[in-house]
Amino acid sequence: MRSLSLLFCLAAILCADEARVRELVEQLGADEPEQREAADAELRKLGEADEHGVVERLLELGAASYDAEVCTRCHAILDALRYWERIVVVGGPSTGGIDVQSGRFLWSRPRGWCQAWSGERRRGARAWVFDRDGGLECVDLRSGARRWKAKAPGWGQAVGTSYWLGYAGDSVARLSLEDGSTTWQVGLPQPIHHVRPASVAADEHGVYVETQEYLIALDSQTGEERWRTGASLLGLARGALYVRTAVAGGPEGVQRLDAETGKPLWSHPGPGGRPAVTLLDCGDKQDLVLIANDLGHTCAVEASTGKDRWTFAVQPIALWVEPDGAHAWIAAEGALIVLDLANGNESARFPRECEAARFLYENGTLYVADYETIDCDVALRAFDVATRKLTWTADVQGVQVGHSKYWQNARIERVGLRLLFVGESAGGSWVEVVEPATGQVVARHRP
């Protein structure tokens, strides 16, 4: 009975709140400016404290009002309350959270070069910043206020949403992204072979580190060593580990290893008889991985058996697989190619010029961002996946500098209703807001 009384009490409070919010929404269209401003201020205050979504729901109704004043103000208040839909996080030499309306930093970290990213976009959203001097820091997405800070090795990467894998020299550590605590830290028998790009691969089950002499497998939960081998790391795909090693006494080929034991499951001579340099996963609906050498020879290999399916003359850079798993869009040197994964036949081809690529798929549209990693060139296009036709090309500019050799990273990101083309570079960070349906650039920010 007591719990039932509490429910009735809560319902009564919510009804009273809803009635008050409806009254305030109507007041946004009042004749007197003072009344409009007072209602605006109170709705913002109520919205910040609202844990049940009442204010946002009624503001959404108000945003469809025929009264232009009510409609405009409801949109503005919603945009302010849903701050997670208007803040993008950038790293690089200027790190922080940028308001995509104004293009200004809402918060920043002035320390050198950083990695930065945001978590789930919701009320109370968080972001993380990593710099090689200060370690790993978790902050409030809106204000940049610190939640926690932890000391970490000088390099690292986020593994999914659960942990940060830090490494430097002969040390590897796992840190929780929830509270910054160190789950484990281990020393290696030799230094890591490379830290940039890293000779490290990791998932929820294992951490695989190539040192100057061994490839060492660690349990991701405990840091305990599982096994070691003299093979070289190629990468993770289809839930398994792939390495480069001498095959049957011949030249270096590819092996798929059992991640738990390190035992070979199958061996492949390698693409074109040359060492593999690229491994790409063809998705959950295909038992395929792509293995490519540095001369543009790519083999499609059955992940479960190691048998060849087909070959194709392409140097793959990035790959996106259509939702039904039938075709893959491959960003290659000089072209964006659509391949039938059943037989390797080409279905469509589009020219491209840049070195690197990122994909974002939404409701039948594939957005493709192309960019140079040591140059200022960028491109952004949209394709209709069903018809495999170009929909639009955006007039994106990135950042222009007077010299040509510098580092750059770019990505496409959906933040609320906005499609963002975001870059981090030695020439500065940049954000371009693009209309998703037309590709029109509606704002360019160089904070």
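Structure first, text after, so check above.
Keep in mind that what you see is a predicted model, and the values were worked out from it rather than measured.

(A) Region of the structure containing the overall build of the protein. For the protein, the count of helices and strands is four helices and 35 strands. Principal-axis analysis of the C-alpha atoms places the extent of the protein at approximately 85 × 55 × 50 Å. A total of 447 residues make up the protein; the buried ones form 51% of that total. Counting contacts in the protein only where the partners sit at least 6 residues apart, residues at least 24 apart contribute 38% of the total. Here the protein displays about 20800 Å² of accessible surface, and carbon together with sulfur accounts for 50% of that area.

(B) Spatial organisation of the packing of helix α2 (residues 33–49) against helix α4 (residues 68–81). Interaxial distance between α2 and α4 falls to 10 Å at its minimum, and their mutual angle equals 30°. With respect to α4, the element α2 is oriented roughly parallel. Between α2 and α4 lies a crossing of right-handed hand. Taken together, the residues of α4 that come into contact with α2 (itself represented by Arg 36, Glu 37, Asp 40, Leu 43, Arg 44, Gly 47 and Glu 48) are Glu 69, Arg 73, Ala 76, Ile 77, Ala 80 and Leu 81.

(C) Examining the nonpolar core more closely. Counting 21 residues, the largest nonpolar core has Leu 380, Trp 392 and Phe 421 as its most contacted members. Within the residue set of this core, elements represented by two or more residues are β28 (356–362), β29 (365–371), β30 (378–384), β32 (408–415), β33 (418–425) and β34 (430–434). If we ignore the near neighbours within four places in the chain, the residues touching Trp 392 are Tyr 367, Leu 380, Arg 381, Ala 382, Leu 419, Val 434, Glu 435, Pro 436, Ala 437, Thr 438 and Gly 439. Counting 17 residues, the second-largest nonpolar core is a separate cluster that includes Trp 310, Phe 312, Ile 330 and Ile 337.

(D) Local environment of the packing of aromatic side chains. Inspection of every chain in the model, using the stated rule, returns 12 aromatic pairs. Each residue in the set Trp 117, Trp 128, Phe 130 and Trp 164 is aromatic and connected to the rest through ring pairs, giving one cluster. Looking at Arg 174, its charged tip hangs above the ring of Tyr 163, at a distance of 3.9 Å from the centre. Its guanidinium or amino end placed over the ring of Tyr 214, Arg 228 lies 4.8 Å from that ring's centre, counting from NZ or CZ.

(E) Molecular detail of the pattern of salt bridges. The full count for this structure, using the stated rule, is 37 salt bridges. Across the pair Glu 56 and Arg 82 runs a salt bridge, and its minimum N-O distance is 2.9 Å. Linking Glu 56 in helix α3 (residues 54–62) with Arg 82 in the loop between α4 and β1 (87–90), this pair joins segments that are 26 residues apart in sequence. This pair shows no difference in class: Glu 56 is buried, exactly as Arg 82 is. Here Arg 414 makes a salt bridge to Glu 362, at a shortest N to O gap of 2.7 Å. Highlighted residues: Arg 414 in strand β32 and Glu 362 in strand β28, separated in sequence by 52 residues. For Arg 414, a relative accessible area of 28% gives the class partly exposed. What you see here is one network of salt bridges that share partners, running through Arg 36, Glu 37, Asp 40, Arg 44, Glu 69 and Arg 73.

Parameters and conventions
- Residues numbered from 1 in each chain as written.
- Predicted model: local features only at pLDDT ≥ 70, side-chain atom pairs only at ≥ 80, totals over all residues.
- Heavy atoms only, no water.
- Helix = DSSP H or I, 4+ residues; strand = E, 2+ residues; numbered from the N terminus.
- Buried < 20%, exposed > 50% of the residue type's maximum accessible area, 1.4 Å probe, protein only.
- Contact = heavy atoms within 4.5 Å.
- Areas by Shrake-Rupley, 256 points an atom, 1.4 Å probe, with all protein chains shown as cover.
- Axes fitted to C-alpha atoms, helices over the stretch in contact; angles between N-to-C directions.
- Parallel < 35°, antiparallel > 145°, perpendicular 65-115°, else oblique.
- Left-handed = near helix turned anticlockwise from the far one by under 90°.
- Core = buried A, V, L, I, M, F, W, Y, C linked by side-chain atoms within 4.5 Å.
- Phe/Tyr/Trp six-rings, centres within 6.5 Å; stacked < 30°, edge-to-face > 60°.
- Lys NZ or Arg CZ within 6 Å of the ring centre and 35° of its normal.
- Salt bridge = Lys/Arg side-chain N within 4 Å of Asp/Glu carboxyl O.

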